[in-house]
Each structure stands twice: as structure tokens, then as C-alpha cells.
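Residues per chain are reported as follows:
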Amino acid sequence: MSDVKLITKKIRTDALIIGGGTAGCYAAIRLGEASVGKILLVEKAGIERSGCLAAGVNALNAYISKGHVPMDYVEYARADGEGIVREDLLLSMSERLNKVTEDLENRGLVILKDENGEYVTRGWRNVKINGENIKPLLAEGVYAQPDVTVLNHVNITDLVTQRVHGKTIVRGAVGFSVKEPVIYEIEAEAVLIATGGAAGLYRPNNPGFSRHKMWYSPFNTGAGFAMGFAAGAEMTTFENRFVALRCKDTIAPTGTIAQGVGAKQINAGGEIYEKEYGITTPQRIYGTVEENRKGKGPCYLKTEGISKEQEQDLFKAYLNMAPSQTLKWIESGKTPSRQSVEIEGTEPYVVGGHTASGFWVDTGRMTTIPGLFAAGDVAGGSPQKYVTGALAEGEIAAESMASYLDKKEKGDEPEVEFSQESAYAHHFEVKDNNITWRGVEEAMQKIMDEYAGGIHTDYRYNESRLVLAREKIKDLQGLVDDLAAEDMFDLLHIYEVRERLLVCRILIEHLLARKETRWHIFGENADYPQQSDEYKKYVNSRLENGEIRIIFRQLVKGESYEHPDK
Amino acid sequence: MSIRINKEKCVGCGRCIDACPGNLLELAEGKADIRIPEDCWGCTSCMKYCSQSALEYYLGADLGGRGAVMTIEKEKDIYNWKIHMPGGETKVISVNRKNANQY
Ligand SMILES: Cc1cc2nc3c(=O)[nH]c(=O)nc-3n(C[C@H](O)[C@H](O)[C@H](O)COP(=O)(O)OP(=O)(O)OC[C@H]3O[C@@H](n4cnc5c(N)ncnc54)[C@H](O)[C@@H]3O)c2cc1C
Ligand code: SF4
Ligand code: SF4
């Protein structure tokens, strides 16, 4: 029991953006420029440093260099995604990659250029930058928009929908301040979800003191997936999980070393094994896992012998994006020129910016709920988005929202009813018991690790295990109502675990539904270790009468897609 | 890895608090404090807002930490990252924010 007394504030806005990260900030800027009326951007932390971009990023991974066209990017992503992608989404994104890159430069991002003033690229899709301050630059752009109001440190938990003319449409959202006992009931004409992907579902590489030293932001909990799914929106391709290859312990990126100093992946015996397995992301991890399984590990990126100059550049590059790696090198004295860097795969994430999982959207990024849009890592069908793709999607969603708002006849809907207050208050009223949010989170991560293809089983799963995972996660969901909160920070954590549990449930059903191994590591189905032509289709899902229903959809080809029941 | 606050240096300005993507920092008795050290992502955002270099970054023993701490001192476009080794030695790496990564 706690004596927290909640007060409720009501806000009315035209456009609501949930999540002020990469895609959300950019959409806010574009909507502000479009003069659509009042725009409210709600962010659970502070927009200057929230989300994936907090520490900074290493490069812009999605760019179309000279001699290439947007369709090349589509083909690259299609091949990497083994065909389970949406051509319309990839193409509309790819067409904007260069424009948003130039816009970032105009906002102050440092981009490396050659003597002719051309961007220096790494490969044909990658631009070299100093990405430490992308997020503050985007935040500055948001604050410069007079029509945009920013609500920092407010966590949204649920969408509010309404039946209007026989259709369920979105009418707003509800959440609470993580700092003070205030509930926000927000009425909106259109809503964009840009809450990023989901980390913290599986037991992480460092389960102890450094449990949040993970690749993806531990503060992106899959809130958007959960609130959208609960409201009836359709999701796609969750079974295409993402696992990253990382430097051991610090979980720092490996691409910088592999591409920067040309380091090869070697096993303990010094053999270069990457040739055997291939060099796409899943192949690099698959190779590492297999070498370890054969007893040939640990595996390394061979940096031993690089020059002191290269080493200094690595120190600096990592300070701009993953500072723990530089600290580790210097503190241990085992710098990369002296000792090769050990590598490992991370725990799996659900991230629509790297793989294809997320909301099922039309070409304009509207979800299956009219008025509800999705962009960035929360939106599915379009992998390999990265920073510039998230910006492009934020822009596309903003344009679609503006035209939706323009066409919408406002004011003929019944008054919006909010009913979340008692659910929040309940957690302050329950008696302290011996179940904590942390306990439930750990139990969830353990179950996912052991039964749903985590690090524990080399990412492999089978039906028997998944069925157990389903049962055990369901059981944990039953505990959430009785979790006690002392303050708003506790309430935040209770809602985070509630969201993650639902995301786990969706993920498990998707893993069960795809009876093949379409992607190594990301979807390593031990019952069906091969690809099957029968599964050249999307696995989608919806919540219907409280149950998760799987829907198979045929591959979408061509430049545009509209929801059939629109 | 996590963040430790040097209470002697902290002047309680509160600027780091807004910057943390995980809402982990708060003011307690006029000084910054980290609520759950284990929940730090190690992004160093908070450090970039502290004019006093009061925020100290360290690796947990599980990541190989052996007592060193890292701080940032800002000088116009330069971040001076200082690594203070347990033996007393300090190593400095200066990064110009106007230079792109070479890799
Ligand atoms: C460590 C790391 C390094 C990366 N490096 C690169 C790189 O070098 N190059 C590259 O191109 N890409 C890189 N990426 C990928 C890229 O950064 C992401 O794909 C992209 O930023 C995602 O944008 P987003 O808007 O979807 O998510 P985010 O930018 O993470 O935004 C999501 C926002 O929603 C907020 N939020 C979450 N839940 C709620 C809620 N319930 N209520 C309110 N707000 C909420 C979060 O706090 C966050 O601000 C990297 C990603 C990571 C994690
Ligand atoms: S390093 Fe990042 S996650 Fe850790 S306290 Fe500072 S701002 Fe928060
Ligand atoms: S920014 Fe520095 S001085 Fe200000 S409260 Fe934080 S730690 Fe203290």
C-alpha cells in the first residue's frame, strides 16, 4: 500500500505522436511544417537523448550512393530478409534516404566528405559521420516548431479506440508521468506510434549487474506493439527476430572493426571461418554459434597486429557510440592491437528497423486501425531501415497523417471515454506481497531464453518448447495485476513488464506458425530446419476475443498496398 | 557498467536528470543520484550535460571492471574523455565532435 494520490490531466490535440525518438521527432517536425493544427509529442524520457540514438551511432547505414538506385536497396533488403519483406514499404523508404541524409547535414550533422564534396561511403549504402549528437539535433528541430508541444517523462500505456460508423478508429491514448503522480488522458484525431522495438524479452548476455548492457535500448520495451495489438491492430513477421553480433561483454558493435580495419572472424585455432558461412548478419552469427558448438570457440575478430594509429581511431570511434568498449580496452590494457576482440551473439530482440517485425501498415504507414499510424522500429515489413529509414518513415507517416486529418470530418464522434485511472491506482492499493516486477521480468527472460530460442539453446526452438513457453508466459501475465507500486517509477516498471509479456505471447505464436527455418538464428526452428516454399508468405496476427489469431497473407509485390477492409 | 556520482563535485543543477533515456537519475538531498545502478545502459548521455564532470562511468566486475572510472571534460568542440586508472594514472583521449569517424 502506498499513499500516492493520482490526479488526472486532460489534453486535446489534433495529432498525437507517441515516442519522441528518431521517427517520432522527425514526424513532429514534418507535421509542424504542414500546419495540421496542434501536435503533441509524448516521450517517456527526454527527447534530447531518448531511444536508440542516446549514445550516438556509428554511421548512416542506409544511403544510396552514386551509381545505385532505390530499387537496389529494395533488392538488397529482400535478399537479406529471404523474401519476406514488403516491396512498397522498402521502395518508398529507399526513395527518401538521400533526402533525409542531406537534411540531417543541414541540421548540423557532421558527414565525412571527399575533396569533391561528395559523401565518403563505406560500401555503397553507408555514410561516415560523427553520429554522437544526432538526437540533440533532432530535438532542436522539434522545439523550433511552434505547433508542437512536447510532453517529456510521460509514459503511454494504452490507446483509446471507438466504434464509429461500424469501424473501430483511434481516438487518443492514456499514460502517466514517471516523475509525479499525474495521469494524462489525451484525446486526438490521429495518432502515430513511434515507440521503437522491444528489448529485454530474453535473458541478456550479461544477466547480473550489467543486465542493461545490451545492444538495443533496454528502455524500448515494445510498448507500441503491446498497445497496438491490444487495441486490435494487426502485426506482422514477429518471428523474424533480430540478433546482433557483438563484442563480448560490452555488446559494442563489431561492424566498425570488421569493416574499419578489415578484421576477419577467426576461431580459437586462428582459422578464418566467415568464408564457410557467409557474411550477411545472420550468417556471421550462425557461423560463430556453429564454431562454438563444434568446440572451436571462442571466436574473435582478428585485430591483433593492427597499427597504433588504427587502434587510436578505434578508441575514438567507440567513444562516439559505445564508450564501454574503449574503457574496457584501456582498463584491461588488452588493446585491440595486442589482443583480438572476442565476439558473441546477443539475445534476440523484436526490432522492425533491422528485421521485418512490427505493425502491418499500408504504404502510407497507416495500421489496420483507421487514424493510427506507425513508423520506425515499431513498423513491420520494411527491414534495414536504420536511422535514415526511420526518418524517412516518420516523414511518410507525417504526410499520410496530414492528409487523413485534412479529410477527416471532425466532431461527429461520441465523447471519448477513458477508463485507465483505476487500473493505475490499483497498483498503489494492492498490499505488498512477495512478487515484484523485477521477479516477473527475470522469470519471463528465463522462460524465453530456455523455451523460446534464446542464447541458452543457441537460438533454436521447437514446438514442444514453444508450447511450454506459451503456458508459462500466460501464467506470468496473471501475476501482473497484483504487483505493488510505491511510486511512479515502480508503476513504469510494472507496465513495462506487462508490455513485454504481451510481446512475448505474440512472438511465441509467430514462431509456432512459421513451420520452417526461413532465417538462421533469427528463426531457427529445430522441427523444420529447412526453408519451405509453402512459407513464402507473411505470418500476421491479431487479437480477437482475447485470443491471438494467426493470419497468413500472400507476399505483396508492387509499389502500393492498401488494407483490404479499408 | 554504470554511473557513479561524485557528490563532492555535483552542484545539484539537475541537468543530467532530463538526459537519461531510462529516467534513472533523480535529485536526492540536493545531489544527483542513480536509482537503480544495474539499470544503466551506459550511454553516457548524462555525462555530456554535466559541467562539473561529476558523473563517473565504470564497468561492473562482470564486464571486466577493475576500479577505473571514466569522466568527460568538455572544451568547445572537444570531448576530453579521461580514464582514471585505479593506480592513480589518468589517460586522456580527445575527440573532436566536428570530425567524422574514420571507420
Ligand atoms: C546501440 C544502437 C546503435 C545503432 N547504430 C546505428 C548506426 O550506426 N547506424 C544506423 O543507421 N542505425 C543504427 N542503429 C539503428 C537506429 O538507431 C534505429 O533503427 C532507429 O534510431 C530507430 O528509431 P525509432 O524512432 O524507431 O526508435 P527510437 O529512436 O528508439 O525511439 C523510440 C522512442 O519512443 C520512446 N518510448 C518508448 N516507449 C514509450 C512509451 N510507452 N511512451 C512514450 N514514449 C515511449 C523511447 O523513449 C524512444 O525515445 C542503432 C541502434 C542502436 C540501438
Ligand atoms: S549512462 Fe545513460 S543510462 Fe546510464 S545513467 Fe547516464 S544517461 Fe542514464
Ligand atoms: S549535471 Fe552534474 S552537477 Fe548537475 S546534478 Fe547532474 S551530476 Fe550534479
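Going along each chain's sequence as written, the residues are numbered from 1 onward. Here every chain gets a letter starting at A, and every ligand a number starting at 1, in the order they are written. Local features in this predicted model are restricted to residues whose pLDDT is 70 or higher, and side-chain atom pairs enter the listing and the counts only when it is 80 or higher, whereas totals over whole chains, interfaces and linings include all residues. Computation of side-chain values covers all heavy atoms of the structure but excludes hydrogens and water.

Let us look at the interface of chain A and chain B. Note on contacts: a residue pair is in contact if any heavy atoms of the two residues lie within 4.5 Å. Taken together, the contact pairs 60 residues of chain A with 52 residues of chain B. Put simply, buried area is how much 1.4 Å-probe accessible surface two parts lose in total, over both of them, once they are put together. The junction of chain A with chain B conceals about 4,800 Å² of combined surface from both sides, 59% of it contributed by carbon and sulfur atoms. When a carboxyl oxygen of Asp or Glu lies within 4 Å of a side-chain nitrogen of Lys or Arg, that pair is called a salt bridge. Counting across the chain A and chain B interface gives four salt bridges. Between Arg438 of chain A and Asp39 of chain B there is a salt bridge, and its shortest N-O distance comes to 2.8 Å. Two N or O atoms count as a polar contact when they lie within 3.5 Å, although within protein this holds only if one can serve as hydrogen donor and the other as acceptor, and sequence-adjacent residues are included solely when both atoms are side-chain atoms. Counting every contact that joins chain A to chain B gives 25 residue pairs in polar contact (both at pLDDT 80 or more).

Moving on, we come to the site of ligand 3. Around ligand 3, the structure places Cys10, Val11, Gly12, Cys13, Gly14, Cys16, Ala32, Cys50, Gln52, Ala54 and Leu55 of chain B. Polar here means any residue other than Ala, Val, Leu, Ile, Met, Phe, Trp, Tyr, Cys and Pro, which are nonpolar, and Asp, Glu, Lys and Arg, which are charged; Gly is therefore polar. Classifying every residue of the shell around ligand 3 by side-chain character gives eight nonpolar, three polar and no charged. Note on terminology: near, applied to a residue and a molecule or strand, indicates that one of the residue's heavy atoms is within 4 Å of it.

All names here are of chain A. In this description, strands pair whenever DSSP reports at least two bridges between them. Secondary structure elements follow DSSP: runs of H or I no shorter than four residues count as helices, runs of E no shorter than two count as strands, and numbering proceeds from the N terminus. Judged by pairing direction, the sheet is antiparallel, and its four strands sit side by side in the order β15-β10-β19-β20 without closing on themselves. On the outer flanks of this sheet lie β15 (358-359) and β20 (547-554), each paired with one strand and no other. Note that strand β19 (residues 537-544) and β20 share eight bridges and pair antiparallel. Within β20, the position partnered with Tyr538 by the bridge is Arg553.

The subject of this paragraph is the site of ligand 1. Residue and element names in this part refer to chain A. Surrounding ligand 1, one finds 33 residues, the nearest of these being Thr22, Glu43, Ser50, Ala59 and Asp377. Within the contact set of ligand 1, a nitrogen atom lies 2.6 Å away from a backbone nitrogen or oxygen of Ala59. Taking Asn155, its side chain carries an N or O atom lying 3.0 Å from a nitrogen atom of ligand 1. Coverage of ligand 1 by the protein amounts to 95% of the 1,000 Å² it exposes when considered alone. Taken together, the elements giving at least two residues each to the shell around ligand 1 come down to α1 (22-33), β3 (57-60), β7 (154-164) and α12 (386-407). Residue contributions to the shell around ligand 1 peak at four residues, all from β3. Broken down by class, the residue content of the shell around ligand 1 amounts to 16 nonpolar, 14 polar and three charged. Each accessible area is a Shrake-Rupley result for a 1.4 Å probe, and residues are judged covered by the shown protein chains and nothing else.

With that out of the way, let us pick up the pattern of salt bridges. Within the structure shown, the criterion is met by 51 salt bridges over all chains. Across the pair Asp533 of chain A and Lys536 of chain A runs a salt bridge, and its minimum N-O distance is 3.6 Å. Relative accessibility thresholds used throughout: buried, under 20% of the residue-type maximum; exposed, over 50%; partly exposed, between the two (1.4 Å probe, protein chains only). Exposure remark for Asp533 of chain A: the relative accessible area of 62% places this residue in the exposed category. On the basis of relative accessible area, Lys536 of chain A is assigned to the partly exposed category, the value being 44%. Here Glu56 of chain B and Arg4 of chain B are joined by a salt bridge, their closest N and O atoms 2.9 Å apart. On the criterion of sequence distance, the pair formed by Glu56 of chain B in strand β4 (residues 55-58) and Arg4 of chain B in strand β1 (residues 2-5) is long-range, its members being 52 residues apart.

Turning our eyes to something else, we now look at the confidence of the model for chain B. Per-residue confidence from the prediction method is given by pLDDT, with values spanning 0 to 100. On average, residues of chain B carry a pLDDT of 95, and 100% of them reach 70 or more. The ipTM for the predicted assembly is 0.96, set against a pTM of 0.97.

Residues and elements named next belong to chain A. Relative to the assigned elements, Val74 resides in helix α2 (residues 70-80). Taking the C-alpha atoms as reference, Val74 lies 5.6 Å from Leu90; in sequence the two are 16 residues apart. With residues up to four places along the chain from it excluded, the contact list for Val74 reads Glu87, Leu90, Leu91 and Ser94.

This part is about the packing of α2 of chain A against helix α3 (residues 87-94) of chain A. Residue and element names in this part refer to chain A. Axes, fitted as lines to C-alpha atoms, cover a helix only where it is in contact. Angles between the N-to-C directions of the axes lie from 0 to 180 degrees. Two elements in contact, α2 and α3, have axes separated by 8 Å at closest approach and are oriented at 135 degrees. With respect to α3, the axis of α2 lies oblique. Once α2 is placed against α3, the crossing between them reads as right-handed. Here α2 contributes Pro70, Met71, Tyr73, Val74, Ala77 and Arg78 to the contact with α3, which in turn contributes Glu87, Leu90, Leu91, Met93 and Ser94. Class assignment for the residues of the contact of α2 with α3 results in eight nonpolar, one polar and two charged. Relative orientations are named as follows: roughly parallel for angles under 35 degrees, roughly antiparallel for angles over 145 degrees, roughly perpendicular for angles from 65 to 115 degrees, and oblique for any other angle. Crossing chirality is assigned from the near helix's rotation relative to the far helix, an anticlockwise turn below a right angle marking it left-handed and a clockwise turn marking it right-handed.

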